[in-house]
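# Working through the structure, step by step
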Amino acid sequence: MVNDDVSFGVEVTVSSELGALTFSNSDWVCTDSDDEVCDAITIDSTSALGPYAANEDGSLVTYYISSTGTLKTGGTYTLTFVSPTGVRVKVSVAVEGELRLFFGGTGASATNVECCLVGDTVTLEGRLWCENENIDVDSEIAGIEWEVDDASMAQVVSFDNAGRTDLLNSSSHAWTLTVKALKPGEVTFTGTTMGGISASYTLTIEPEMIVSAPEKIYNYNYLNSEEFSQQVTCTVTLEEPDADY
């Protein structure tokens, strides 16, 4: 979790001709998912065990590097250990933040609808997970900004704080996003908190179909004086014909 102390470990294999190394001048570099250097994880101390023979002829030796640090921001990061000799070793770290935003609910509402028709108004449910009692959840939810990747296909009608939490977990806060489908295709809604945490949901929109046909078509069989039904012919009309459908 954010602000927790954590330990990282890597193995570094180098030439034995370098002699005994202390790694006192080594460094860690933290980068985010865009490969940009950041300070989401700070390193407090580093120690090394070794060397240990890494091959039969003893030309290579391995050191086990252990470091302790502090997690500052939630997300997935890459820590690169840089030894004084220039050796670089990477390790991936996923950090759970105090806030998490996601689509879905509990029980019958755990899964949102995956598709709808043009003209439909759909309400999607989600959760804001907050693990810090000092955070104003109402303000966090109110501050979420929503984007639609194609505004011609769908629009956001309303976004509401449902004002309740799960019965078994007070950290989970509910919200609803109501959207209106405008055109056929796939459209993605993305919500982002003031702290940069985001969640996305893709909805498939189908064209509205108008089907017209009689319920039954009867002919009269004069040989046995009985009526019998024939095959029904249906007509399907699309308000906006599309080659994909």
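Keep in mind the model is a prediction, meaning the values are calculated, not measured.

### Comments concerning the overall build of the chain
- Per the secondary structure count, the chain includes one helix and 18 strands.
- Within the span of the chain, comprising 245 residues, buried residues form 32% of the whole.
- Within the chain, counting contacts between residues at least 6 apart in sequence, those at least 24 apart form 62% of the total.
- As presented, the chain carries roughly 14,900 Å² of accessible surface, and 47% of it is formed by carbon and sulfur atoms.

### Observations regarding the sheet that holds strand S10 (residues 145-148)
- Across the sheet, four strands lie side by side as S8-S14-S13-S10; this open sheet has mixed pairing. Where the open sheet ends on each side, the last strands, each with one partner, are strand S8 (115-117) and S10. When strand polarity is set aside, the average angle formed by the axes of neighbouring strands in this sheet is 30°.
- Sheet analysis places S8 next to strand S14 (residues 198-206), joined by three bridges and oriented parallel.

### Points about the pattern of salt bridges
- Per the stated rule, a full pass over the model turns up one salt bridge.
- In this structure, Glu-125 and Arg-127 form a salt bridge, with 2.8 Å as the shortest nitrogen-oxygen distance.
- The class of Glu-125 is buried, set by a relative accessible area of 11%.
- Given a relative accessible area of 3%, Arg-127 falls into the buried group.

### Remarks on the nonpolar core
- Ranked by internal contacts, the top residues of the largest apolar core, which has 24 residues, are Phe-103, Trp-175, Leu-177, Val-187, Phe-189 and Ile-205.
- Among the elements of the structure, strand S7 (99-103), strand S9 (121-130), helix H1 (137-142), strand S12 (169-181), strand S13 (185-192) and S14 are those that each provide at least two residues to this core.
- In terms of nonpolar packing, the next biggest core, distinct from the first, is built from 18 residues, Phe-8, Val-12, Tyr-77 and Phe-81 among them.

### A short note on the sheet that holds strand S4 (residues 60-71)
- In spatial order, the strands read S1-S4-S3; together these three strands make up an open sheet with antiparallel pairing. Where the open sheet ends on each side, the last strands, each with one partner, are strand S1 (5-15) and strand S3 (41-53). In this sheet, neighbouring strand axes are inclined to one another by 20° on average, regardless of whether the strands run parallel or antiparallel.
- Across ten bridges, the pairing between S3 and S4 is antiparallel. In the sheet register, Tyr-52 faces S4, and the bridge partner there is Thr-62.

### Quick notes on the side chain of Thr-193
- Counting through the fold element by element, Thr-193 comes out in the loop between S13 and S14.
- Residue Thr-193 is classed as buried on the basis of its relative accessible area, which comes to 6%.
- With residues near it in sequence (within four places) discarded, Thr-193 still touches Leu-101, Leu-128, Glu-140 and Ile-144.

### Focus on the packing of aromatic side chains
- Scanning the entire structure with this criterion turns up eight aromatic pairs.
- Three or more aromatic residues joined by ring pairs make a cluster, and in this case those are Phe-103, Trp-146, Phe-159, Trp-175 and Tyr-201.

### With respect to the side chain of Thr-62
- Mapping Thr-62 onto the fold places it in strand S4.
- In this structure the side chain of Thr-62 is engaged in a polar contact, spanning 2.9 Å, whose partner is the side chain of Thr-13.
- Not counting the four nearest positions on each side in its chain, Thr-62 is found in contact with Glu-11, Val-12, Thr-13, Leu-49, Gly-50, Pro-51, Tyr-52 and Ala-54.

### Describing the state of the cysteines
- What the rule picks out here adds up to zero disulfides.
- Residue Cys-30 stays outside any disulfide, its sulfur separated by 3.7 Å from that of Cys-38, the closest cysteine.
- Residue class for Cys-38 comes out partly exposed when judged on its relative accessible area of 24%.

### A few points about the environment of Val-10
- Tracing the backbone shows Val-10 in strand S1.
- Val-10 sits 54 residues away from Tyr-64 along the chain, and the two C-alpha atoms are 6.0 Å apart.
- Apart from residues no more than four positions distant in its own chain, Val-10 is found in contact with Trp-28, Tyr-63, Tyr-64, Ile-65, Phe-81, Val-89 and Val-91.

Rules of the game
- Residues numbered from 1 in each chain as written.
- Predicted model: local features only at pLDDT ≥ 70, side-chain atom pairs only at ≥ 80, totals over all residues.
- Heavy atoms only, no water.
- Helix = DSSP H or I, 4+ residues; strand = E, 2+ residues; numbered from the N terminus.
- Buried < 20%, exposed > 50% of the residue type's maximum accessible area, 1.4 Å probe, protein only.
- Contact = heavy atoms within 4.5 Å.
- Areas by Shrake-Rupley, 256 points an atom, 1.4 Å probe, with all protein chains shown as cover.
- Pairing = 2+ DSSP bridges.
- Axes fitted to C-alpha atoms, helices over the stretch in contact; angles between N-to-C directions.
- Salt bridge = Lys/Arg side-chain N within 4 Å of Asp/Glu carboxyl O.
- Core = buried A, V, L, I, M, F, W, Y, C linked by side-chain atoms within 4.5 Å.
- Phe/Tyr/Trp six-rings, centres within 6.5 Å; stacked < 30°, edge-to-face > 60°.
- Polar contact = N/O pair within 3.5 Å; in protein donor to acceptor, adjacent residues only side chain to side chain.
- Disulfide = S-S within 2.5 Å.

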